[in-house]
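Listed here are the chains, written in short residue letters.
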Amino acid sequence: MADHPQFIWLDGKLTRWSEGTIHITTVGTAGVSSVFEGILAYWNESAQRLFVFQLDAHLARLAQSIRLMRMQQPFSTAEIKEGLLSLLRANECAGDTYIRPLAFVESTLFGVTDQNAPRIVLNTTPWASKLKGGKVAHACVSSWARLSDNVMPPRVKAASNYLNSRLAAEEARRNGYDAAILLNQNGKVAEAPGACVMIVRNGKIITPTVTSGILESITRATLIQLCREVLEIQVIEREVDRTELYVASEAFLCGTGAEIMPLASVDRFTLGDGGIGPITTQLENLYHDLVRGIDARYGEWRTEV
Ligand SMILES: Cc1ncc(COP(=O)(O)O)c(C=O)c1O
C-alpha cells in the first residue's frame, strides 16, 4: 500500500496523486498566499460508516479566509463539499481521516498580481485520534507573542500565520515541553500554535474571546455549545491572564487536530492532581461519541460520506 492516497482533488477534478504538481519556481509564493482548512472524518467501527465532522463550518471558514485575502472564489462551497466527499470515496477511506483543503495563488511574484484566482487542492491522510487515549501534555507560556489582527489576522487560516506557530512550538519542544501557549499583543492568553485554550476555575470554563488574537476555532465553538446545552457547565469568554493558567484546576487545548488535549502543567505549575480533571473527562467522552456518531445527537454536525 502506497504511503499516499490514490487521488487528490485539484481544481475541480479527481486527479492522480502523481499528477498533482506545481512548478518549482512558484513554491514560495504558493505557500505565502495559501489559506487552508484542517478537517477530520471519524470512522464509526460498529456502524462501518465515515462521518466528516463540522464540514459545513470548515468550508464556510475556508470561504471566509479566501474572501479576507481578496482572492476570487473559483468554486462554490457546494462544489468543494461534493469534491471532498467524492475524494473520500475515491480513496476508499475507511478509518479516521484528516482532510486538508488548500487554496493558493500560483505565481512567481511575491507582490500582488491580477492572478487572484486561487488553485484549490484537497487531500486526505489517515489519522490517529488521541481522543480518550489518556495522554496529558505539559505546556509552557511562549516567549513569542501571538500575531495580531492588524499584523497578520489569526482569524484567517493562512499558512503564513504558522511561522508564528512554528517558532513557539519549536521553542517549547527544545525546552522540554509538549505544547506552547502564546500571549497576545496585550499580554493576555491567546492560543496555542494549533489549538485554542480552555481553563477550569471554580467549576466554570474560561476561554479567551474570539477577539484575543485567535483563530475562530470550530472545536472551541462546538465545545462551548456542548457545555451550555448538554453538560450545563458555565462557559465564560473573556480576557485570560497568564497567571490564571497556573491556578486553574484543569486546562486543555482544543482544535480539530488537537481534539481535546488535557494539560497536566503550565510552566511546571501542576494543574489539579496532574491528571485529567473531571470536566475535561466529561467533555472528552461526549466529544468522542459525537464525532463518531456513537451519540446520535447533533446530526447536523456530521456529514456521512
Ligand atoms: C492556530 C489555531 N488555533 C485554533 C485551532 C483550532 O481550530 P479548529 O477547532 O477550527 O480546528 C487551530 C486548528 O486546528 C489552529 O491552527
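The rules we used
- Residues numbered from 1 in each chain as written.
- Predicted model: local features only at pLDDT ≥ 70, side-chain atom pairs only at ≥ 80, totals over all residues.
- Heavy atoms only, no water.
- Domains from an automatic or database assignment.
- Contact = heavy atoms within 4.5 Å.
- Buried area = accessible area lost by both parts, 1.4 Å probe.
- Salt bridge = Lys/Arg side-chain N within 4 Å of Asp/Glu carboxyl O.
- Axes fitted to C-alpha atoms, helices over the stretch in contact; angles between N-to-C directions.
- Helix = DSSP H or I, 4+ residues; strand = E, 2+ residues; numbered from the N terminus.
- Parallel < 35°, antiparallel > 145°, perpendicular 65-115°, else oblique.
- Nonpolar A, V, L, I, M, F, W, Y, C, P; charged D, E, K, R; others polar.
- Near = heavy atom within 4 Å.
- Polar contact = N/O pair within 3.5 Å; in protein donor to acceptor, adjacent residues only side chain to side chain.

**Student:** How do you make sense of the domain arrangement of the protein chain when you look at a structure like this?
**Tutor:** How large an interface is tends to be reported as the accessible area lost when its parts come together. Domain boundaries assigned for the protein chain yield domain 1 (7-126) and domain 2 (137-291). Of note, the centres of domain 1 and domain 2, computed from C-alpha atoms alone, are 26 Å apart. Taken together, the 20 residues of domain 1 in the interface contact 16 residues of domain 2. When the two sides are added together, the surface that domain 1 and domain 2 hide from each other amounts to roughly 1600 Å², 63% of it contributed by carbon and sulfur. Ranking the residues of domain 1 by area buried against domain 2 places Phe36, Tyr42 and Arg61 at the top, with a combined share of 37%. Here domain 1 is connected to domain 2 by zero salt bridges.

**Student:** Mind showing me how you'd approach the packing of helix α5 (residues 218-231) against helix α7 (residues 278-291) here?
**Tutor:** Working note: a packed helix pair is described by the angle between its axes plus the distance between those axes. The interhelical angle for the contact between α5 and α7, taken along N-to-C directions, is 105 degrees, at an axis separation of 11 Å. With respect to α7, the axis of α5 lies roughly perpendicular. The residues of α7 that touch α5, namely those facing Thr219, Thr222, Leu223, Leu226, Cys227, Val230 and Leu231, are Gln282, Leu283, Leu286, Tyr287 and Leu290. Split into classes, the residues belonging to the contact of α5 with α7 amount to nine nonpolar, three polar and no charged.

**Student:** Quick question: what am I supposed to make of the site of the ligand here?
**Tutor:** As a structural note, the neighbourhood of the ligand is formed by 16 residues, with Tyr162, Glu191, Ser217, Thr219 and Thr256 the closest of them. Glu191 places a side-chain nitrogen or oxygen 2.6 Å from a nitrogen atom of the ligand. Among the residues forming the shell around the ligand, the class breakdown is seven nonpolar, five polar and four charged.

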